[in-house]
Amino acid sequence: MIGKIEKAKFYAEERDLRITFQSLEASILGDNDVTHQVTYDDGQWHCDCNYFSSHQVCSHTMAMERVLGNMVEIGVTA
């Protein structure tokens, strides 16, 4: 088990090289206590906010790109 823990630490330290997301779903609490659902699937972002539906990008998807860094393809939207 100690070896597995050490390997996990090593993988986590090299997360930009070793970890990529194919899909995920998150809730982001926006202004005015409104929660938005953000998804990432096969390189495509989606958000349920009104701005995303007309611009294919929004502050919620951009925030997720910042949080995840190199673990997702940056700037790829639906």
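Residues numbered from 1 in each chain as written. Predicted model: local features only at pLDDT ≥ 70, side-chain atom pairs only at ≥ 80, totals over all residues. Heavy atoms only, no water.

1. Some words on the overall build of the protein
In step 1: Scanning the protein from N- to C-terminus turns up 4 helices and 3 strands.
In step 2: In sequence order, the secondary structure elements of the protein are arranged as α-α-β-β-β-α-α.
In step 3: Computed over the C-alpha atoms, the radius of gyration of the protein is 15 Å, more than 25% above the 12 Å expected from 2.2 N^0.38 for a compact globule of 78 residues.
In step 4: Its C-alpha atoms give the protein principal-axis dimensions of roughly 50 × 25 × 15 Å.
In step 5: With 78 residues in all, the protein has 26% of them scored as buried.
In step 6: Within the protein, counting contacts between residues at least 6 apart in sequence, those at least 24 apart form 30% of the total.
In step 7: Accessible surface, the protein: about 5700 Å² in total, of which carbon and sulfur atoms supply 52%.
In step 8: The average position of the 6 basic charges and that of the 12 acidic charges among the side chains of the protein differ by 15 Å. (Helix = DSSP H or I, 4+ residues; strand = E, 2+ residues; numbered from the N terminus. Rg over C-alpha atoms; globule rule 2.2 N^0.38 Å. Buried < 20%, exposed > 50% of the residue type's maximum accessible area, 1.4 Å probe, protein only. Contact = heavy atoms within 4.5 Å. Areas by Shrake-Rupley, 256 points an atom, 1.4 Å probe, with all protein chains shown as cover. Lys, Arg positive; Asp, Glu negative; His and termini not counted. Charge placed at Lys NZ, Arg CZ, Asp CG, Glu CD.)

2. Structural notes on the pairing of strand S2 (residues 35–41)
In step 1: Side chains His36, Val38 and Tyr40 project from S2 onto a buried face, and the interleaved Thr35, Gln37, Thr39 and Asp41 project onto a face without burial.
In step 2: Pairing analysis gives 7 bridges linking strand S1 (residues 23–29) to S2, with the strands arranged antiparallel. Residue pairing in the sheet places Ser23 in a bridge with Asp41 of S2.
In step 3: Taking the residues that link successive antiparallel strands as the turn, the S1-S2 hairpin has 5 residues, and the phi of Asn32 there is positive, at about 60°.
In step 4: Pairing of S2 with strand S3 (residues 44–47), which is carried by 4 bridges, proceeds in the antiparallel orientation. Opposite Tyr40, over in S3, you have Trp45 as the bridge partner. (Pairing = 2+ DSSP bridges.)

3. Observations concerning the sheet that holds S1
In step 1: With antiparallel pairing, the 3 strands of this open sheet are ordered in space as S1-S2-S3. Looking at strand neighbours, the two that pair on one side only are S1 and S3, the edges of this open sheet. On average, adjacent strands in this sheet sit at an angle of 15° to one another, irrespective of strand direction. (Axes fitted to C-alpha atoms, helices over the stretch in contact; angles between N-to-C directions.)

4. Considering helix H4 (residues 59–68)
In step 1: For H4, the full list of buried residues reads His60, Thr61, Met64, Glu65 and Leu68. Down the axis of H4, the buried side of the element spans an arc of 140°, and every buried residue falls inside it.
In step 2: Positive phi appears at Gly69, one or two residues downstream of H4, with a value of about 55°. (Arc of directions from axis to C-beta.)

5. Focus: the state of the cysteines
Note: disulfide means a covalent bond formed between the sulfur atoms of two cysteine side chains.
In step 1: A full pass over the atoms with the stated rule returns 0 disulfides.
In step 2: Free cysteine: Cys47, not disulfide-bonded; nearest cysteine sulfur from Cys49 at 3.7 Å.
In step 3: Unpaired in this structure, Cys49 has its nearest cysteine sulfur neighbour in Cys58, at a distance of 3.7 Å. (Disulfide = S-S within 2.5 Å.)

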